[in-house]
Structures are given as structure tokens and as C-alpha cells.
Amino acid sequence: QVQVVESGGGLVQAGGSLRLSCAASGSIFSRNAMGWYRQAPGKQRELVATIGSGGRTNYADSVKGRFTISRDNAKNTVYLEMNSVKPEDTAVYYCKMRTTPDGYDYWGQGTQVTVPS
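Parameters and conventions
- Residues numbered from 1 in each chain as written.
- Predicted model: local features only at pLDDT ≥ 70, side-chain atom pairs only at ≥ 80, totals over all residues.
- Heavy atoms only, no water.
- Core = buried A, V, L, I, M, F, W, Y, C linked by side-chain atoms within 4.5 Å.
- Buried < 20%, exposed > 50% of the residue type's maximum accessible area, 1.4 Å probe, protein only.
- Helix = DSSP H or I, 4+ residues; strand = E, 2+ residues; numbered from the N terminus.
- Disulfide = S-S within 2.5 Å.
- Salt bridge = Lys/Arg side-chain N within 4 Å of Asp/Glu carboxyl O.
- Pairing = 2+ DSSP bridges.
- Axes fitted to C-alpha atoms, helices over the stretch in contact; angles between N-to-C directions.
- Phe/Tyr/Trp six-rings, centres within 6.5 Å; stacked < 30°, edge-to-face > 60°.
- Lys NZ or Arg CZ within 6 Å of the ring centre and 35° of its normal.

A. Spatial organisation of the nonpolar core. By size, the foremost hydrophobic cluster in this structure holds 27 residues, and its most contacted members are W36, V78, L80 and Y93. Counting residues per element, the ones that place at least two in this core are β3 (18-25), β4 (33-39), β5 (46-51), β7 (67-72), β8 (77-82) and β9 (91-98).

So this is what it looks like as C-alpha cells:
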């Protein structure tokens, strides 16, 4: 059974830092592309960052230079390091794993990040 579980959300002051973690199981993690997405109240879910099996990364313009996605295949975990956070970063952050070779998407339950204005 494939599982994706996020952790690390919370309340952080503007300008501060937070690290989110996403632990996956039930699949060969190192083969899979991983991504972080977020959904703010009243808005559609949007891509934050992705990382491929080979380590290639992609970021939304809104987080470039502030957020860093990384993966530890030995721990089956992907991270999102969030620096210089802003109130507009407030959202529920979701982790997604796309399995290879079948291309199925598995989502976590989400973790809330709140940056007070």
C-alpha cells in the first residue's frame, strides 16, 4: 500500500524558516518524482516545487530563491526548506508522489503552514 505523509507545518513569523518533510512508502521511492503543492483558502491548488528521480528541480516563480526542495532516497523522504516566508505563503501544503513506471499520483493529507501578517 502506497502512503505519503507530510509533517512539519505550523505557525511561523514572516521572515522566518520552516522545513516540511514528506515520507513515502509502498513504492520504490528513488524512481519516483516528488512534488510539493499548496492550496490557500479560496484558491486552487498550485505547484510549489518538484524534484525528479535524478534530482532535477523546478520551482514556482513565487518561491524561487526562498524555498528549496530536496530528497533523501535512503530515508524515502522529500523536504521543503522554506526561508524568508511571507504571509502569502500561508496554505495547506501537500506532497505528491508520481510512481514510475505507471505514472500514478499519490497525495498526502496536507500540512498547514500559517504566516501571520
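B. Structural view of the state of the cysteines. Under the criterion given, the structure shown has one disulfide. C22 shares a disulfide with C95; S-S distance 2.1 Å. Its torsion about the S-S bond being -80°, the disulfide of C22 and C95 is classed as left-handed. Of this pair, C22 sits in strand β3 while C95 sits in strand β9, placing them 73 residues apart in sequence.

C. Structural view of the pattern of salt bridges. Within the structure shown, the criterion is met by six salt bridges. Of the charged contacts, one joins R38 and D89 as a salt bridge, the two residues approaching to 2.9 Å between their closest N and O atoms. Of this pair, R38 sits in strand β4 while D89 sits in the loop between β8 and β9; the two residues are 51 residues apart in sequence, bridging distant segments of the chain. Across the pair, exposure class does not vary: R38 and D89 are buried alike. K64 is the salt-bridge partner of D61, the closest N and O atoms lying 3.2 Å from each other. When salt bridges with common partners are traced through the structure, they connect R38, E46, R66 and D89 into a single cluster.

D. Here's a closer look at the sheet that holds β3. Ordered by their spatial adjacency, four strands build an open sheet running β1-β3-β8-β7, and the pairing between neighbours is antiparallel. Two strands lie at the open edges of the sheet, namely β1 (3-7) and β7, each paired on one side alone. The mean inter-strand angle of the sheet, taken between neighbouring strand axes irrespective of direction, is 15°. The pairing of β7 with β8 spans six bridges and is antiparallel. Among the inter-strand pairings, I69 is bridged to a residue of β8, identified as L80.

E. Structural context of the packing of aromatic side chains. Per the stated rule, a full pass over the model turns up two aromatic pairs. Ring plane angle 80° and centroid distance 6.5 Å describe the contact between Y94 and W107, whose orientation is recorded as edge-to-face. Taken together, the residues Y94 in strand β9 and W107 in strand β10 (residues 105-107) connect sequence positions 13 residues apart. Taking relative accessible area as the criterion, Y94 reaches 13% and is therefore assigned buried. Taken together, Y37, Y94 and W107 form an aromatic cluster joined through their ring pairs. R45 extends its terminal NZ or CZ atom over the ring of Y94, reaching a point 3.7 Å from the ring centre. The cationic tip of R45 hangs over the ring face of W107; the distance from NZ or CZ to the ring centre is 4.6 Å.

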